[in-house]
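# Coordinate inspection notes
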Amino acid sequence: MRPVSRRVLPGFSLTLGYSLFYLSLLVLLPLSACVLKATSLSPAEFWDAVSTPRALAAYRLTLGASLAAALLDAVLGFLVAWVLVRYEFPLRRLFDALVDLPFALPTAVAGLVYSSLYVPSGWLGRYLVPLGIETYHSPLAIVLVLTFTGFPFVVRTVQPVLEALEPELEEAAAILGASRWQTFTRVLLPPLVPAILTGFALSFARALGEYGSVIFVAGNLPEETEIAPMLIYARLEEYAYAEATALAVVLLGISFVLLAAINLLERWSKKYAA
Amino acid sequence: MQLDAPPAELPPAAVPARPARSAPTERRTRAPTSARQDPAVVRWGLTLAAVAVLGVLVVVPVVHVFWEALADGPAVYWNNLVRDPATRHALALTLTVVPIAVGLNLVFGVAVAWAVARFRFPGRSLLVTLIDLPFSVSPVVAGLVFVLLFGPRQGIFGPWLYAHGIKVLFATPGIILVTCFVTLPFVARELIPVLEADGPEEELAALTLGASGWQMFWRVTLPNIKWGVLYGVLLCTARAAGEFGAVHVVSGRITGKTDTLPLRVEKLLQEYRTPAAFAVASVLTSLALVTLGAKAWLERAEASSLLTPDPSAPRGERSKERKDEAA
């Protein structure tokens, strides 16, 4: 698009002014209050607040469960995207639409359903728990529900790239004597890698902040099944605002690093999507 | 994809361009060559695996919600929803908060998309990054920052507002604020690419023909971005109605006063009223399913409006002209 001289199109100062006003009031002011509160702690106090054994356990669990869920999403999401794009089967369009359900479904509902499905008497728990798979009030329960909430990301980032792949490339590979597996690993997969990574990073970022669904399935066991947002909430309930803020700043820091990484990945994958 | 016959005034020399134009469509409908076809075992194995993944991950939970909600029969289900004053209040609160939050973010989304997509100014890319910021903030942190601002004792503005009898935290204004925060990017993110793709030519033409700024907006800009607006509003509504974490933090969870529908689900579960919790959850699940249906419908409606070669579908016309030129 071409830049337009400000004098020709109307509404520049009105729309920009209103946008800045709204953003400042709703985003910048609250976030700076957060930073301000965190700086009211001395560095030593800040360190103490974020490095208690309970906090460290919470961060370890948050990062570990989010990573596991995002990896699971990457594998399952790629499978589903591949099948939806490349094969015809009954009810394909319905399944395609259902992929977005985890985005549309309130997280509280996801948590409620997962907590009920995976208890020992639940529809799925009755088969898994006797096998020794602890699917409730355990880190695995958290991984399962995080896999659900982040599932659409990989499917929706991989799908357009998969659709845009030139059939000629595959045909050329076959003519040159490649097997299907060689064609897949050498021709089809490389251009999909950036999209898979983007989807992986998006579901990882989403999982890091997730709260609503997790509190239903996690049980309330500090240092065992407590993720970072739950710890922040617990500190808030104790009116320990400064400690809560210190923990929040660490979580925000991790999210912003991820956001930067996602932006780079998206730029990289756009090269292939076009 | 333009499948219609070339315009009659086209010189005969241009006619052979037609097969070339419809070639991509042919390629898509033709059966995959053996070079692109996976063995049947692989095909069916992967399809079954994908269907199983979607079944366990998505279909089973949806069925389970309605199964549990209706476990004691439709009469109990109906009573759980309607006879409980706290649930009724939660529904009313959600129906108050969502339209306000969506409305505010709609106005913001249109304004910021116009500024960002039509003008160049210093700090423009920083502004775009700021719009996305709420997506990367955990809902609990989003709630926390508003507690830091409006907490009645420790907050920055809280004590002053409290002294003047204005309650923000543990009241409806706080819930609206955090809902606005977490759903802020939806409309703007949809509209910026749509406006950028369209370009300002039609708006400039309207201005040249003497339209005022508002006339240009209502008659030219808005009709062009209407699908983006609808899409953004849809996503924003779904997220606003379902927001849990941020509202959990700022609402104080006062039964019958500051519980929204998702919070009511948690409250009922804590009270060991599982069928009632599932009844409320079934309402939210229905909303999610309606959202998905509306989304699918919007996508199809937009695609068909772009295909119709009439003056109200300028993008289709333009791309056709471009293709004709290329031919």
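Residue indices follow the written sequence of each chain, beginning from 1 at its first position. Each chain gets a letter, beginning with A, and each ligand a number, beginning with 1, in the order they are written. Only residues with pLDDT of at least 70 are given local features in this predicted model, and only at 80 or more are side-chain atom pairs given and counted; all residues enter the totals for whole chains, interfaces and linings. Derived side-chain values reflect all non-hydrogen atoms in the structure, with water molecules and hydrogen atoms excluded from consideration.

## Comments concerning the domain arrangement of chain B
Residues and elements named next belong to chain B.
- Domain boundaries assigned for chain B yield domain 1 (39-69) and domain 2 (73-326).
- Its C-alpha centre places domain 1 at a distance of 30 Å from the equivalent point of domain 2.
- Note on contacts: a residue pair qualifies if any of its non-hydrogen atoms lie within 4.5 Å across the two residues. Listed per partner, the contact involves 6 residues of domain 1 and 9 residues of domain 2.
- Summed over both partners, the interface of domain 1 with domain 2 comes to about 620 Å²; 79% of that surface belongs to carbon and sulfur atoms.
- Summed over both partners, the accessible surface that disappears when two parts come together, traced with a 1.4 Å probe, is what is meant by buried area. The largest contributions to the domain 1 side of the interface with domain 2 come from Val65, Phe66 and Ala69, which together make up 69% of the buried area.
- Salt bridges are defined as contacts in which a side-chain nitrogen from Lys or Arg sits within 4 Å of a carboxyl oxygen from Asp or Glu. Counting across the domain 1 and domain 2 interface gives 0 salt bridges.
- Any N or O atom pair separated by 3.5 Å or less is treated as a polar contact, with the protein-specific requirement of one donor-capable and one acceptor-capable atom, and with residues adjacent in sequence counted only for side-chain atom pairs. Our count for the contact surface shared by domain 1 and domain 2 stands at 0 residue pairs in polar contact (both at pLDDT 80 or more). How far each domain reaches was decided by an automatic or database domain assignment.

## Focus on the interface of chain A and chain B
- Facing 87 residues of chain A, the contacting portion of chain B comprises 97 residues.
- At the boundary of chain A with chain B, total buried surface from both sides reaches about 8,300 Å², with 78% on carbon and sulfur atoms.
- One can count 12 residue pairs in polar contact (both at pLDDT 80 or more) joining chain A with chain B.
- Among the elements that take part in the side of chain A that touches chain B, helix H1 (residues 12-39) of chain A stands out by supplying 19 residues, more than any other.
- Just so you know the grouping, Ala, Val, Leu, Ile, Met, Phe, Trp, Tyr, Cys and Pro go in nonpolar, Asp, Glu, Lys and Arg go in charged, and all remaining residues, Gly too, go in polar. Class assignment of the residues belonging to the side of chain A that touches chain B gives a composition of 66 nonpolar, 9 polar and 12 charged. Counting from the N terminus, the helices are DSSP H or I runs at least four residues long and the strands are E runs at least two residues long.

## Quick word on the nonpolar core
- Ranked by internal contacts, the top residues of the largest apolar core, which has 175 residues, are Val80 and Val158 of chain A.
- Counting residues per element, this core draws most heavily on helix H3 (residues 53-86) of chain A, which supplies 15 residues.
- Excluding residues that lie within four positions of it along the chain, valine 80 of chain A makes contacts with Val99, Phe151 and Val155 of chain A together with Ala50, Val53 and Leu54 of chain B.
- Definition of nonpolar core: a set of buried residues of the types Ala, Val, Leu, Ile, Met, Phe, Trp, Tyr and Cys, connected through side-chain atoms within 4.5 Å. Burial classes: relative accessible area under 20% of the type maximum marks a residue as buried, over 50% as exposed, and values in between as partly exposed (1.4 Å probe, protein chains only). Within the second largest apolar cluster, 5 residues are counted, among which are Tyr231, Leu234, Leu298 and Ala301 of chain B.

## Concerning the pattern of salt bridges
- Tallied over the full model, the rule gives 20 salt bridges over all chains.
- The salt bridge partner of arginine 156 of chain A is aspartate 100 of chain A, with a shortest N-O separation of 3.2 Å. Residue arginine 156 of chain A is located in helix H8 (residues 139-164), and its partner aspartate 100 of chain A is located in the loop between helix H4 (92-98) and helix H5 (101-104); the two are separated by 56 residues in the primary sequence.
- With a shortest N-O distance of 3.5 Å, arginine 189 of chain B and aspartate 132 of chain B are connected by a salt bridge. One end of the pair, arginine 189 of chain B, is in helix H9 (residues 185-198); the other, aspartate 132 of chain B, is in helix H5 (residues 124-132), with 57 residues separating them in the sequence.
- Assessed through its relative accessible area of 40%, arginine 189 of chain B is described here as partly exposed.
- When its relative accessible area of 19% is taken as the criterion, aspartate 132 of chain B is described as buried.
- Where salt bridges share partners, they join Asp96, Asp100 and Arg156 of chain A together with Lys295 and Glu299 of chain B into one cluster.

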